[in-house]
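# Breakdown of the fold
One letter stands for each residue in the lines below.
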Amino acid sequence: MENKLAIDAKGRIPKTEGANLLFNVISYTVVIVAAILCLLPFEILISGSFTDEKAIALHGYGIIPSKFSLEAYHVLFKFPDSIIRAYGVSIFITVVGTAIGLFITSMTAYVMNRKDFKYRNKLAFFFYFTTLFNGGILSTYIFFVKYLQLKNDLTSLILPLLINVFYLIVMRTFISSIPDSISESAKIDGAGDFTIFMKLILPLTKPGLATIGLFYALDYWNDWYNAMLYITDVNKYPLQYLLFSTLQSAEAISRISKMASVAQISVPTLSLKLAMAVIATGPIILVYPSVQKYFVKGLTVGAIKG
């Protein structure tokens, strides 16, 4: 974009233009430095995953690999079928869980925002109460395994994260910014509540849906705890739990070889952790740019109204 500075008859830059130029220089400098500081840990992460195990032990992690090695990735992809299968499980629970979570969250937020719904304050208190008190891990586990029969079922990885109260509050705040006249005019034309929600409210809440959707996707993608509780079938491990199990196995082998006083089996546990992080974060980094334009707007609206 062309940005020419106005210069007066004496060849001097006016004070206002000079102040704007100084502000832009400082702003761009701060943003560039902040961006470098944010990217630096990720650069160290990638570099460490390609560094030899002994080099890390001697020199620590660095921006550039002191001794290049693919040993960590060789260990991870020793059985590529398990990684590919775990990717499929993680993608399935992320896509299905995010879609269902978004639908339920947005529909609940719409109902709670309706002024003609007389129980909306009680419903809001009910959701708020669950953020303070819940049934605990043991009762939740018994309920899922004994009564819902969800042991080794992928549904057990979707249900626990299906509704987040904080996301519900953000979504309700976003929907409250939509004028009531839109719903009222649709009602006059004969539209029902569900039609208004599907054809009017949802299209107007794209920034909010993108923001909350990204949060849900991150929650599902990074979740390994529920898999540890409910999944014992290796073929149903999500990616995060498979990587966690691989690391645990590698560290156990290393400890056993030391305790048995035998020649230590070479397992790159240090670089393996970083290689696991690279594999796990790759898809999310690819998805983020596609929702970024909605993400910033949705997050800002939630911050102002909240």
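Residues numbered from 1 in each chain as written. Predicted model: local features only at pLDDT ≥ 70, side-chain atom pairs only at ≥ 80, totals over all residues. Heavy atoms only, no water.

Looking now at the overall build of the chain. Helices and strands together make up the secondary structure of the chain, namely 14 helices and zero strands. For the chain, the succession of helices and strands along the chain, N to C, is α-α-α-α-α-α-α-α-α-α-α-α-α-α. Counting every position in the chain, which comprises 306 residues, the buried fraction comes to 33%. Counting only contacts in the chain whose residues sit at least 6 apart along the sequence, the fraction spanning at least 24 positions is 71%. Approximately 18900 Å² of the chain is accessible, and the part contributed by carbon and sulfur atoms is 68%. (Helix = DSSP H or I, 4+ residues; strand = E, 2+ residues; numbered from the N terminus. Buried < 20%, exposed > 50% of the residue type's maximum accessible area, 1.4 Å probe, protein only. Contact = heavy atoms within 4.5 Å. Areas by Shrake-Rupley, 256 points an atom, 1.4 Å probe, with all protein chains shown as cover.)

With that out of the way, let us pick up the pattern of salt bridges. Evaluated as defined, the whole model comprises five salt bridges. Measuring nitrogen to oxygen at the nearest pair gives 2.7 Å for the salt bridge that ties Asp116 to Arg114. With a shortest N-O distance of 3.5 Å, Asp180 and Lys115 are connected by a salt bridge. With Asp180 in helix α9 (residues 180-188) and Lys115 in the loop between α4 (80-113) and α5 (120-132), the pair connects residues that are 65 residues apart, well separated along the chain. Under the relative-accessibility criterion, Asp180 is labelled partly exposed at 37%. In this structure Lys115 comes out as exposed when scored by relative accessible area, which is 65%. Because the salt bridges share partners, they merge into one network encompassing Arg114, Asp116, Lys187 and Asp193. (Salt bridge = Lys/Arg side-chain N within 4 Å of Asp/Glu carboxyl O.)

Examined against the element boundaries, Thr108 turns out to sit in helix α4. Not counting the four nearest positions on each side in its chain, Thr108 is found in contact with Phe127 and Leu168.

The next subject is a nonpolar patch on the surface. On the surface, Leu138, Ile142, Phe143, Tyr147, Leu148 and Leu159 cluster together into a nonpolar patch covering about 590 Å² of accessible area. Given the relative accessible area of 38%, Ile142 is considered partly exposed. (Patch = residues over 30% accessible without salt bridge, like charges linked within 9 Å, V, L, I, M, F, W, Y side chains within 5 Å.)

This part is about the UniProt feature "transmembrane region" (unreviewed entry) in the chain. The positions UniProt marks with the feature "transmembrane region" (unreviewed entry) are residues 21-42, 86-111, 123-145, 157-175, 196-218 and 270-288. In residues 123-145, helix accounts for 87% and strand for 0%; the two terminal C-alpha atoms are 28 Å from one another. Spanning residues 270-288, this segment combines 100% helix with 0% strand, and its end C-alpha atoms are found 28 Å apart. (UniProt positions renumbered as here; feature names shortened; annotations may be inferred.)

To continue, consider the nonpolar core. Counting 47 residues, the largest nonpolar core has Leu76, Ile201, Ile212 and Leu243 as the members making the most contacts within it. Where this core is concerned, the elements lending two or more residues are α3 (71-76), α4, α7 (155-158), α8 (165-176), α10 (193-204), α11 (206-222), α13 (239-259) and α14 (269-305). Counting residues per element, this core draws most heavily on α4, at seven residues. Look past the residues within four positions of Ile201 in its chain and what remains in contact with it is Tyr110, Ile175, Ile178, Ser183 and Ile196. (Core = buried A, V, L, I, M, F, W, Y, C linked by side-chain atoms within 4.5 Å.)

Moving on to the packing of aromatic side chains. Taken as a whole and assessed by the stated rule, the structure comprises 18 aromatic pairs. Seen from their ring centres, Phe50 and Tyr73 are 4.8 Å apart, and the 25° between their planes marks the pair as stacked. Placement of the pair is Phe50 in the loop between α1 (15-49) and α2 (53-59) and Tyr73 in helix α3, with a sequence separation of 23 residues. Using a relative accessible area of 24% as the deciding quantity, one classes Phe50 as partly exposed. Between Phe103 and Phe197, the ring centres sit 6.2 Å apart and the planes meet at 70°, which makes this aromatic pair edge-to-face. In this pair, Phe103 is assigned in helix α4 and Phe197 in helix α10, connecting sequence segments 94 residues apart. The partly exposed category is assigned to Phe103, whose relative accessible area is 31%. (Phe/Tyr/Trp six-rings, centres within 6.5 Å; stacked < 30°, edge-to-face > 60°.)

As a packed pair, α4 and α8 sit with axes 8 Å apart at the nearest point and diverge in direction by 55°. Looking at the two axes, α4 sits oblique to α8. Once α4 is placed against α8, the crossing between them reads as right-handed. Contacts from Thr105, Ser106, Thr108, Ala109, Tyr110, Met112 and Asn113 in α4 reach Tyr167, Leu168, Met171, Arg172, Ile175 and Ser176 in α8. Residue composition of the contact of α4 with α8, by class: seven nonpolar, five polar and one charged. (Axes fitted to C-alpha atoms, helices over the stretch in contact; angles between N-to-C directions. Parallel < 35°, antiparallel > 145°, perpendicular 65-115°, else oblique. Left-handed = near helix turned anticlockwise from the far one by under 90°. Nonpolar A, V, L, I, M, F, W, Y, C, P; charged D, E, K, R; others polar.)

Turning our attention to the packing of α4 against α5. The contact between α4 and α5 brings their axes to 8 Å, and the two run at 135°. As judged from the angle between their axes, α4 and α5 are oblique. In contact with Thr108, Met112 and Asn113 of α4, α5 contributes Arg120, Leu123, Ala124 and Phe127. Partitioned by chemical class, the residues of the contact of α4 with α5 number four nonpolar, two polar and one charged.

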